[in-house]
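A structural walkthrough
The residues making up each chain are set out below.
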Amino acid sequence: MKKTLSCILSFLPTAMILLGMITLIIITGLQSSGFDTGVFVTILQVLALLVEMAGCLTGFVLMIIYIVKTIKNKNLTVGMKIIWCALLFYLSVFLFSILPVYWFVVLRKEQA
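Below is a short write-up of the structure. Note that the structure is a prediction, hence the values are computed from the model and not measured. (Residues numbered from 1 in each chain as written. Predicted model: local features only at pLDDT ≥ 70, side-chain atom pairs only at ≥ 80, totals over all residues. Heavy atoms only, no water.)

**Topic: the overall build of the protein**
This is how the line gets drawn: Each helix is a run of DSSP H or I of at least 4 residues and each strand a run of E of at least 2, with the numbering of both proceeding from the N terminus. The globule rule used here is 2.2 Å times the number of residues to the 0.38 power, and the radius of gyration it is set against is calculated over C-alpha atoms. In this description, contact between two residues means that some pair of their heavy atoms is separated by no more than 4.5 Å. Accessible surface is estimated by sampling points in the Shrake-Rupley manner with a 1.4 Å probe; for residues, cover comes only from the protein chains shown.
Of regular secondary structure, the protein possesses four helices and zero strands. Moving toward the C terminus, one meets the helices and strands of the protein in the order α-α-α-α. Taking 13 Å as the expected radius of gyration for a compact globule of 112 residues, we find that the protein reaches 18 Å, considerably beyond that expectation. Overall, the C-alpha framework of the protein stretches about 60 × 30 × 15 Å when taken along its three principal axes. A fraction of 65% describes how many contacts in the protein between residues 6 or more apart in sequence connect residues 24 or more apart. Looking at the protein as shown, the accessible area adds up to about 7,400 Å², and 79% of this sits on carbon and sulfur atoms.

Okay, structure coming up:
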């Protein structure tokens, strides 16, 4: 169960941010086409922004946790630790897409 949960957690920030972005793009398209939007659409916009913010917060927390796990991992060499820490830090800008890669390459083998 722990392995499945950590896998889902690695994909969660990217999925949440993309879901919020797609929702906001659709709403913006509806509003610019002259479609009458009411209170429901405004509430949906706020919820989409909250989902994106939660995805960013989850991603930042996971990035920090994964960097700490990388530093404490005794199976990785010093060079690999430096590379993974740099990748986790710098590539988290791109919708936290490095988190599933890190899980697949490092954590999946560690938890097996």
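Here the narrative resumes, following the displayed structure.
**Side note on the side chain of Ser-10**
Quick reminder of the rule: The cut-offs for exposure are 20% and 50% of the maximum accessible area for each residue type, with area from a 1.4 Å probe on protein chains only; residues under the lower value are buried, those over the upper are exposed, and the others partly exposed. For the purposes of these results, a polar contact is taken to be a pair of N or O atoms within 3.5 Å, where, inside protein, one atom must be able to donate a hydrogen and its partner to accept one; residues adjacent in sequence count only when each atom of the pair is a side-chain atom.
Mapped onto the elements, Ser-10 comes out in helix α1 (residues 2-32). Here Ser-10 falls in the buried class, since its relative accessible area comes to 0%. Within the local environment of Ser-10, its side chain forms a polar contact with the side chain of Tyr-66, the two groups lying 2.6 Å apart. Every residue in contact with Ser-10, bar those within four places of it in the chain, is listed here: Leu-62, Tyr-66, Leu-99, Pro-100 and Trp-103.

**As for the side chain of Thr-14**
Mapped onto the fold, Thr-14 is located in helix α1. Owing to a relative accessible area of 15%, Thr-14 belongs among the buried residues under this scheme. If we ignore the near neighbours within four places in the chain, the residues touching Thr-14 are Leu-95, Phe-96 and Ser-97.

**Observations regarding the nonpolar core**
For the record, the criterion: Residues grouped as a nonpolar core are buried Ala, Val, Leu, Ile, Met, Phe, Trp, Tyr and Cys residues, joined through side-chain atoms within 4.5 Å.
Counting 17 residues, the largest nonpolar core has Tyr-66, Trp-84, Leu-88, Leu-99 and Tyr-102 as the members making the most contacts within it. Of all the secondary structure elements, the ones that give two or more residues to this core are α1, α2 (39-72), α3 (78-90) and α4 (98-111). For Leu-88, the contacting residues outside a window of four places in its chain are Met-63, Tyr-66, Ile-67, Thr-70, Ile-98, Leu-99 and Tyr-102.

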